[in-house]
Amino acid sequence: MAKTADAQRQGKRAGQGGSASRATTPSAAVPEPGSDSPVGSGAEPRWLNSDELAAWLANSAIMISLPAALDARMQRESQMTFFEYMVLSVLSEEPDRTMQMSALAVRTSASLSRLSHVVGRLEKRGLLARSRIPGAGRRTNTTLTEAGYDVVVAAAPGHVAAVREYLIDSLEPRDLIALQRIGAAVDAAINHGRTTGTSATTAH
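An account of the accompanying structure is given in this report. In this text the structure is predicted, and so the values were computed from the model without any measurement.

1. Some remarks on the nonpolar core
1) Next: By size, the foremost hydrophobic cluster in this structure holds 23 residues, and its most contacted members are Val87, Leu88, Leu91, Leu104, Leu115, Leu122 and Leu128.
2) Next: Looking at this core element by element, the count peaks at 6 residues for helix α3 (residues 82–92).
3) Next: Not counting chain neighbours up to four residues away, the residues in contact with Leu122 comprise Glu84, Val87, Leu88, Leu127 and Leu128.

Shown next as structure tokens:
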């Protein structure tokens, strides 16, 4: 996570008697009175107040620690990464266990380059198979093989146990409702104004 201008200024002051730990804290809080605005920033940034900052830092911990914990557990128990499991799982839910690469990238929130690398690795293990879609453009389908289906079915119980342990069972019912609403709002904000991407579709 990139440092903000505020965190960078704190880092400079750390050598002048400030706390060294603050230099690496990704903060977007209101800067100290009298501090300069970031150079070239134009309009004054909308600095976070204390409640907003606390919410952001708590969410940052989830974004960083939860994927890492799931990844470590999936590799230990099922010899695959969390992302590899997600790719296999999404395909297993399709009626024919097949999806176009561009659509699979959207479903797994991945770039086509990252997805292509992972799919290639899973293909070498016999868990996936790729095939070109007839017609104009360079479009590719990805299909979950029988071996791949067996792997994802075997890994599913451990995955759901980890999700429950690390997240779901720690929350109250009202928290789950709020989490769903928050996730939908963040996803909408990130994808605001985006299209499916004509260049991505023609390439894959």
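2. Details of α3
1) Next: With 8 of its 11 residues buried, α3 lies for the most part within the structure.
2) Next: Among all positions of α3, only Phe83, Glu84, Tyr85, Val87, Leu88, Ser89, Val90 and Leu91 are buried.

3. Thoughts on the sheet that holds strand β1 (residues 98–100)
1) Next: Strands sit in the order β1-β3-β2 across an open sheet of 3 strands; the sheet is antiparallel. In this open sheet, the two strands that pair with only one neighbour each are β1 and β2 (128–132). In this sheet, neighbouring strand axes are inclined to one another by 25 degrees on average, regardless of whether the strands run parallel or antiparallel.
2) Next: In the sheet, β1 pairs with strand β3 (residues 140–144) via 3 bridges, with the strands oriented antiparallel. When the bridges of β3 are listed, Thr98 appears paired with Thr143.

Thresholds applied
- Residues numbered from 1 in each chain as written.
- Predicted model: local features only at pLDDT ≥ 70, side-chain atom pairs only at ≥ 80, totals over all residues.
- Heavy atoms only, no water.
- Core = buried A, V, L, I, M, F, W, Y, C linked by side-chain atoms within 4.5 Å.
- Buried < 20%, exposed > 50% of the residue type's maximum accessible area, 1.4 Å probe, protein only.
- Helix = DSSP H or I, 4+ residues; strand = E, 2+ residues; numbered from the N terminus.
- Contact = heavy atoms within 4.5 Å.
- Pairing = 2+ DSSP bridges.
- Axes fitted to C-alpha atoms, helices over the stretch in contact; angles between N-to-C directions.

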